[in-house]
Amino acid sequence: MDITETDLDALKCRSSATKSGYIHDPFIKFFSPSRNSHKPPIINRGTYVRTWSIDHILQKFIESFDGKKQIISLGAGTDTRVFRYISEYGPENLKFIEFDFYPNCIRKIRTIEKHEALKQNIGDYVVDISGGSLVSGSLDIYSYDIREIVHKGFPGFVDFSLPTIVLSECCLCYLEPEEASSLCRWFQNMFATSGIVVYEPIQGMDNFGKMMKANLSARGVILKTLDCYETTEQQRMRFLDYGYSEVIAEDFLTIEETWIPIEEKKRTMSIEMLDELEEWQLLAKHYCLTFAATENLWNQIILQLPHLKT
Ligand SMILES: C[S@@+](CC[C@H](N)C(=O)[O-])C[C@H]1O[C@@H](n2cnc3c(N)ncnc32)[C@H](O)[C@@H]1O
């Protein structure tokens, strides 16, 4: 499997969780594959915790600063966050910069061009089909290997003075560990008020982790950083080492138990029966969300995220 196809896996999971009622996403239907299968309850629940926790941090970030905020999405694929957030917070308050390889960017650009609801969201834009880019006031999409950022900088304009969060939803883990590290350090150095949100698997060395790696490698996908950061504590130390002053890293079981409000938990638990509770707990311990920030960004949003106090 080509690395770009991992986005289709993520899209199928998000479609299934949306159709089942875990996630509210009015824009995913424009991207959804025609044959869209229902995923098992533990996969839907994992997709839900992944989406809820990333949204939770990013939305508090958006609500914590006046004026324009920036979100830089690495390996964004068909993620619809940009449309969800712009429709909620307005294009004047947000700038999304998304990176992925050409086939994924061009597919997203073509989908945007086809649907008025997506186009309206981003306003006036300019597309370069051969370069695989779209540039607008609130969304830029670039066909660009993120490994180039450290050597060549951004392919277009970027405002380094804006409060900025970098999002890696299962993308940095495909890079060589040194490449991922130098990219994170680069972001930490370049933006005065910034943070990074990273979702990726952990615990690659136990039986479940080994099985997870074997299944992926049978499809030609290698999670190259997995063996370097086995635990949430190692993820925390990793981002402190990059120079961020505050870091929180939690597995999905902890997030489900301690971050998600009780009413919301009741709502999602009533959607479908989860017979495989032990299997869910095992799976949930193998995924980690890390949020690292410079001191000024952290201080600005921490009041709204009391459970993130380290
Ligand atoms: C598992 S998908 C995740 C997509 C999306 N972030 C999500 O969670 O729904 C990983 C994405 O990262 C992209 N990707 C992997 N390595 C990349 C690189 N070096 N530069 C740009 N994109 C990359 C892939 O093409 C793919 O779209």
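The chain carries the name Leucine carboxyl methyltransferase 1 in UniProt, which gives Schizosaccharomyces pombe as its organism. Of the comments in the UniProt record for the chain, the one headed Function reads "Methylates the carboxyl group of the C-terminal leucine residue of protein phosphatase 2A catalytic subunits to form alpha-leucine ester residues." What UniProt states about the chain under its Catalytic activity heading is, verbatim, "[phosphatase 2A protein]-C-terminal L-leucine + S-adenosyl-L-methionine = [phosphatase 2A protein]-C-terminal L-leucine methyl ester + S-adenosyl-L-homocysteine".

Engineer: So what exactly am I meant to see when it comes to the UniProt feature "binding site: S-adenosyl-L-methionine" in the chain here?
Structural biologist: Following the UniProt record, the feature "binding site: S-adenosyl-L-methionine" maps to R50, G75, D100, D145, I146 and E169 here. For the annotated residues, spread through 120 residues, the largest C-alpha to C-alpha distance comes to 24.1 Å, inconsistent with a single compact locus. Looking at where R50 falls in the secondary structure, it is placed in helix α2 (residues 41–64). Judged by its relative accessible area of 17%, R50 falls in the buried class. Excluding residues that lie within four positions of it along the chain, R50 makes contacts with A10, E169, C170, Y199 and F252. In this structure the side chain of R50 is engaged in a polar contact, spanning 2.7 Å, whose partner is the side chain of E169. By the element assignment, G75 lies in the loop between β1 (69–74) and α3 (81–89). The class for G75 is partly exposed, based on a relative accessible area of 25%. With sequence-adjacent residues up to four places away left out, G75 is seen in contact with F99, D100 and C171.

Engineer: I keep staring at unusual backbone geometry and nothing clicks. Help me out?
Structural biologist: It is generally the case that most residues other than glycine have a negative phi and that most peptide bonds are trans. Positive phi values are uncommon outside glycine, yet C170 reaches one of about 60°. Tracing the chain through its elements places C170 in the loop between β6 (164–169) and α7 (177–190). In this model, Q203 sits at a positive phi of 55°, which is unusual for a non-glycine residue. Within the element layout of this structure, Q203 appears in the loop between β7 (194–201) and α8 (207–218).

Engineer: Got a minute to help me understand the pattern of salt bridges in this structure?
Structural biologist: If the charged atoms of two oppositely charged side chains come close together, the side chains can form a pair. The final tally for this structure, using the stated rule, is 21 salt bridges. One salt bridge in this structure joins D55 and R81, with 2.8 Å as the shortest N-O distance. Of the two residues, D55 is situated in helix α2 and R81 in helix α3; the sequence distance between them amounts to 26 residues. For the pair D55 and R81, one class covers both residues: buried. Each of D25, R50, D55, D79, R81, R84 and E169 takes part in a single network of salt bridges with overlapping partners.

Engineer: For this particular structure, what's the right way to read the pairing of β6?
Structural biologist: As a general feature of sheets, a regular strand has side chains that alternate between the two faces. By the criterion of burial, β6 is predominantly enclosed, with six of the six residues buried. Of the two faces of β6, the one holding T164, V166 and S168 and the one holding I165, L167 and E169 are both buried throughout. Of the strand pairs in this sheet, β1 and β6 are connected by five bridges, and their pairing is parallel. The residue of β6 that forms the bridge with I72 is V166. Crossover β6 to β7 through α7 is right-handed.

Engineer: Please clarify how the environment of F154 should be interpreted in this entry.
Structural biologist: Checked against the element boundaries, F154 lands in the loop between α6 (149–152) and β6. Taking C-alpha positions, F154 is 8.9 Å from Y144, a pair spaced 10 residues apart along the chain.

Engineer: Just to check I follow, could you spell out the nonpolar core for this structure?
Structural biologist: One broad rule of soluble globular proteins: the nonpolar side chains tend to lie buried together. Grouped together as the largest cluster of nonpolar side chains are 64 residues, with contacts concentrated most on V197, L289 and F291. Looking at this core element by element, the count peaks at nine residues for α2. Those residues in contact with L289 that sit more than four places away from it in its chain are S53, I54, I57, V197, V198, Y199, I248, A249, E250, F252, I255 and W259. With 28 residues, the next largest nonpolar core counts Y144, F154, V158 and F191 among its residues.

Engineer: What am I meant to see in the pairing of β7 here?
Structural biologist: Burial runs high along β7: eight of the eight residues are buried. With burial as the criterion, each face of β7 is covered, one bearing S194, I196, V198 and E200 and the other bearing G195, V197, Y199 and P201. Two elements, β6 and β7, share six bridges in a ladder whose sense is parallel. Counterpart to I165 in the pairing with β7 is G195. In the sheet, β7 pairs with strand β9 (residues 287–293) via seven bridges, with the strands oriented antiparallel.

Engineer: What am I meant to see in the sheet that holds strand β3 (residues 125–128) here?
Structural biologist: Pairing between the strands of a sheet is mediated by backbone hydrogen bonds and can be parallel or antiparallel. The strand order across the open sheet built from nine strands is β3-β4-β5-β2-β1-β6-β7-β9-β8, with neighbouring strands paired in mixed fashion. The open sheet is flanked by β3 and β8 (246–251), the only strands paired with a single partner. Going across the sheet, the axis of each strand differs from the next one's by a mean of 15°, ignoring polarity. Pairing of strand β2 (residues 94–100) with strand β5 (residues 139–143) involves five bridges; the strand directions are parallel. Paired with E98 across the two strands is I141, which belongs to β5. The strands that helix α13 (residues 295–302) touches are β6, β7, β8 and β9; relative to β9, the one it contacts most, it runs at about 110°.

The rules we used
Residues numbered from 1 in each chain as written. Predicted model: local features only at pLDDT ≥ 70, side-chain atom pairs only at ≥ 80, totals over all residues. Heavy atoms only, no water. UniProt positions renumbered as here; feature names shortened; annotations may be inferred. Helix = DSSP H or I, 4+ residues; strand = E, 2+ residues; numbered from the N terminus. Buried < 20%, exposed > 50% of the residue type's maximum accessible area, 1.4 Å probe, protein only. Contact = heavy atoms within 4.5 Å. Polar contact = N/O pair within 3.5 Å; in protein donor to acceptor, adjacent residues only side chain to side chain. Salt bridge = Lys/Arg side-chain N within 4 Å of Asp/Glu carboxyl O. Pairing = 2+ DSSP bridges. Right-handed = clockwise from strand over helix to strand, strands pointing away. Core = buried A, V, L, I, M, F, W, Y, C linked by side-chain atoms within 4.5 Å. Axes fitted to C-alpha atoms, helices over the stretch in contact; angles between N-to-C directions.

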